[in-house]
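Examination of the molecular architecture
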Amino acid sequence: MSTWTRVLGIESSCDETAVAILACRGNEVRRVKDLVTSQVPIHQKYGGVVPEVAARSHVPETVSLLTQALGRRGLGSFDVIAVTQGPGLPIALRVGIEAARVLALLSGKPLIGVNHLEGHVASAWLDPANRRKFVFPLLALVVSGGHTELVIMKDFGDYRLIGETQDDAAGEAFDKTAKLMGLPYPGGPQIAKLALAGDPNAIPLPRPMLHDGTFNMSFSGLKTAVRLAWEAGQATGIKKEDVAASIQQAIVEVLVHKTIAAARHARVASVALVGGVSANTVLRETLGARLRDELPHVGYLPSDRKSITDNAAMIAAAGYWQYQNGTRHDWKKMEARPEWPLGVR
Ligand code: KG4
Ligand code: ZN
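Quick notes on the rules
Numbers given to residues run from 1 along each chain, matching the order in which its sequence is written. Each chain is given a letter, starting from A, and each ligand a number, starting from 1, according to the order in which they appear as written. The model is predicted, so local features are restricted to residues of pLDDT at least 70 and side-chain atom pairs to those at 80 or more, both for listing and for counting; the totals for chains, interfaces and linings are taken over all residues. Calculation of side-chain values draws on the structure's entire complement of heavy atoms; hydrogens and water are dropped beforehand. Labels follow the DSSP assignment, with helices taken as runs of H or I lasting at least four residues and strands as runs of E lasting at least two, numbered in each case from the N terminus. Under the scheme applied here, a residue whose accessible area is under 20% of the maximum for its type counts as buried, over 50% as exposed, and between as partly exposed, the area being computed with a 1.4 Å probe on protein chains only. Neither His nor the chain ends is counted toward charge; the positive residues are Lys and Arg and the negative residues Asp and Glu. When a carboxyl oxygen of Asp or Glu is within 4 Å of a side-chain nitrogen of Lys or Arg, the pair counts as a salt bridge. In what follows, residue pairs with any heavy atoms lying within 4.5 Å of each other are defined as contacts. Residue count minus one, scaled by 1.5 Å, sets the expected span of a helix. The arc in question is the one traced by the directions running from the helix axis out to the C-beta atoms. Only nitrogen, oxygen and sulfur atoms within 2.8 Å of the metal, or 3.2 Å for Na, K and Ca, are treated as donors, and water is left out, so sites may look incomplete. Angle rules define the geometry names used: all angles between 85 and 135 degrees makes four donors tetrahedral, while opposite donors over 155 degrees apart and all other angles between 65 and 115 make four donors square planar and six octahedral, leaving every other case irregular. Paired strands are those between which DSSP finds at least two bridges. A single heavy atom is enough: if one lies within 4 Å of a molecule or strand, its residue is considered near that molecule or strand. What qualifies as a polar contact is a pair of N or O atoms within 3.5 Å, subject to a donor-acceptor requirement within protein and to the restriction that residues adjacent in sequence count only when both atoms come from side chains. Three residue categories are used. Nonpolar comprises Ala, Val, Leu, Ile, Met, Phe, Trp, Tyr, Cys and Pro, charged comprises Asp, Glu, Lys and Arg, and polar comprises the others, including Gly. Working definition for bend: take the seven residues up to and ending at a residue and the seven starting at it, fit an axis to each, and measure the angle between the axes. For crossovers, right-handed means that the path from the first strand over the helix to the second runs clockwise, given strands pointing away from the viewer. For helices, the fitted axis covers only the stretch in contact; all axes are lines through C-alpha atoms, and the angles between them, taken along N-to-C directions, range from 0 to 180 degrees. Should an angle fall under 35 degrees it is taken as roughly parallel, and over 145 as roughly antiparallel, whereas 65 to 115 is taken as roughly perpendicular and any remaining angle as oblique. Take the far helix as the reference: if the near one is turned anticlockwise from it by less than a right angle, the crossing is left-handed, and if turned clockwise, right-handed.

Of note, Glu149 is situated in strand β7 (residues 148–155). It is Arg160 that comes nearest to the buried, bridge-free Glu149 among opposite-charge side chains, at 13 Å. Non-local contacts of Glu149, meaning those with residues more than four positions away in its chain, are made with Leu117, Ala140, Leu141, Val142, Leu161, Gly163, Glu164 and Leu342.

With 17 residues, helix α8 (residues 220–236) ought to run about 24 Å at 1.5 Å a step, and its terminal C-alpha atoms sit 25 Å apart, in line with that. Listed in full, the buried residues belonging to α8 are Leu222, Ala225, Val226, Trp230 and Gly233. Considered in projection along α8, the buried side chains sweep an arc of 130° and stay on one side of the axis. Exposed side chains of α8 directed beyond 90 degrees from the buried face belong to Ala232 and Ala235. Contact partners of the buried residues in α8: α6 (170–180) and α9 (240–266). Of the residues one or two after α8, Gly237 is the one with positive phi, at around 70°.

Only His116 (NE2), His120 (NE2) and Asp310 (OD) from the protein reach the zinc ion (ligand 2) as donors, at distances of 2.0 to 2.1 Å. Because the angles between the four donor atoms bound to the zinc ion (ligand 2) fall within 93 to 141°, the donor set is best described as irregular.

Another aspect to go through is the pairing of strand β1 (residues 5–11). The buried fraction of β1 is high, at six of seven residues. Examined bridge by bridge, β1 and strand β2 (residues 16–25) share seven bridges and lie antiparallel to one another. Note on β2: the bridge partner recorded for Gly9 is Ala20. Count of turn residues in the β1/β2 antiparallel hairpin: four residues. Sheet analysis places β1 next to strand β4 (residues 80–86), joined by four bridges and oriented parallel. Residue pairing in the sheet places Leu8 in a bridge with Ile81 of β4.

Taken together, 18 residues surround ligand 1, and among them Gly145, Asp175, Gly188, Gly276 and Asn280 come closest. Here an oxygen atom of ligand 1 sits 3.2 Å away from a polar atom, N or O, in the side chain of His120. Take Asn280: an N or O atom from its side chain is 3.0 Å from a nitrogen atom of ligand 1. Listed by contribution, the elements that provide at least two residues to the shell around ligand 1 are α4 (116–125), α6 and α7 (187–195). In terms of residue class, the shell around ligand 1 is built from six nonpolar, ten polar and two charged.

Here helix α2 (residues 51–70) is 20 residues long and its end C-alpha atoms lie 27 Å apart, about the 28 Å a rise of 1.5 Å per residue gives. Helix geometry: α2 is bent most strongly at His58, by close to 30°, with proline Pro60 lying one to four residues after it. When α2 is considered as a whole, its buried residues turn out to be Val53, Ala54, Ala55, Ser57, His58, Thr62, Leu65, Leu66, Ala69 and Leu70. The secondary structure elements touched by the buried residues of α2 are β1, β2, β3 (28–38), α1 (40–44) and α3 (90–107). Once α2 ends, the next one or two residues include Gly71, with phi positive near 55°.

The amide bond that connects Phe136 to the next residue, Pro137, takes the cis arrangement and shows omega of -5°. If you trace the backbone, Pro137 turns up in the loop between α5 (128–131) and β6 (138–143). Unlike most non-glycine residues, Met209 shows phi in positive territory, near 65°. With respect to the helices and strands, the residue Met209 is situated in the loop between α7 and α8. Unlike most non-glycine residues, Arg267 shows phi in positive territory, near 50°. Position of Arg267 relative to the elements: it lies in the loop between α9 and β9 (270–274).

A separate point is the pairing of strand β5 (residues 111–115). The element β5 is extensively covered by neighbouring structure, given that five of its five residues are classed as buried. The alternating pattern of β5 places Leu111, Gly113 and Asn115 and Ile112 and Val114 on opposite faces, both of which are buried. Both β4 and β5 contribute to a ladder of five bridges, which runs parallel. When the sheet's bridge partners are listed, Gly86 is paired in β5 with Asn115. In this region the chain leaves β4, passes through α3 and returns to the parallel neighbour β5; the handedness of that crossover is right-handed.

With that out of the way, let us pick up the packing of α6 against α8. Running from N to C, α6 and α8 point in directions that differ by 20°, and their axes come no closer than 10 Å. Considering their axes alone, α6 and α8 lie roughly parallel with respect to each other. Here the hand of the crossing between α6 and α8 comes out right-handed. Along its contact with α6, which presents Ala173, Lys176, Thr177 and Leu180, the element α8 presents Leu222, Lys223, Val226, Arg227 and Trp230. Looking at side-chain class alone, the contact of α6 with α8 contains five nonpolar, one polar and three charged residues.

In short, the description is geometric, and any link to function would need to be established separately.
Given below as structure tokens:
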């Protein structure tokens, strides 16, 4: 039996600073450390993420989380270093990367630059219940604040983009429409909470590109439609719960429709739902139910509830896949890749 590989993961691509150590052996995973500090309270003041502010707070947080994670064993507590190299905010990414480079220099251990989106895909694999069902070809719906993509995964490390948003990401659509209604950042969880008490059919909202035959999506029209309905509704006593439920319904319907169509077209064996927006219960349940009804032979792998929003366990997990595939990066040359698409080496 092979030995355990301990992977140190570091994440700083946006507004969460995170450090984790995973012990991996084949399909077995142990979470040795899984630390995250969120800057959400800091960015709430501005109504969104301010890159310079994010980078400045990543610096002390990265040092503090690394100190906690490495503990007394220090450089002896890991075998491999995995750091988010992109996509993300350039100056935020650089904080994690510089820390990882110094650790690689001092420890002499291999360094792997991980694609943040591959990290999100790995968050489905982190759930032990999913791991047995993680079979290829797999379709991943990656839905976060910055990305909305449908990706075919043929093997670990082998990705092909088959559909994506043409404008705003689904998370961005939640965040921007929430802002219009005066709700705090990030808007997704706020909308989801209000929607529990609302009527999803109360306000007619557009579902652009629903039947265009592609696996692409568009969410920017939602902002205008919600703004018009919200402004007109002020005089008639529109309920914010109804608006929230209608927004959620419009976004979920598009995501689920496109995912089912892509799964059918690509004849996949499993479907993963990952990224910050996969925290949305209505999305998780609707996609699960539709797959059960329409493609019952296809496995459903929603992201591990413990690793949905940005974290370092998912970065360590994707780093482990890459490590197994033989990927090694030179710490002397590693730079941030702010626009790194999934599937490009
Ligand atoms: O993956 P993530 O943590 O960061 C990025 O890489 O972007 O995703 C954050 C996004 C935000 O847009 C947030 O509003 C959304 O995920 N989100 C949700 C929910 N929880 C977080 N959207 C809808 N419903 C939720 N429950
Ligand atoms: Zn993310």
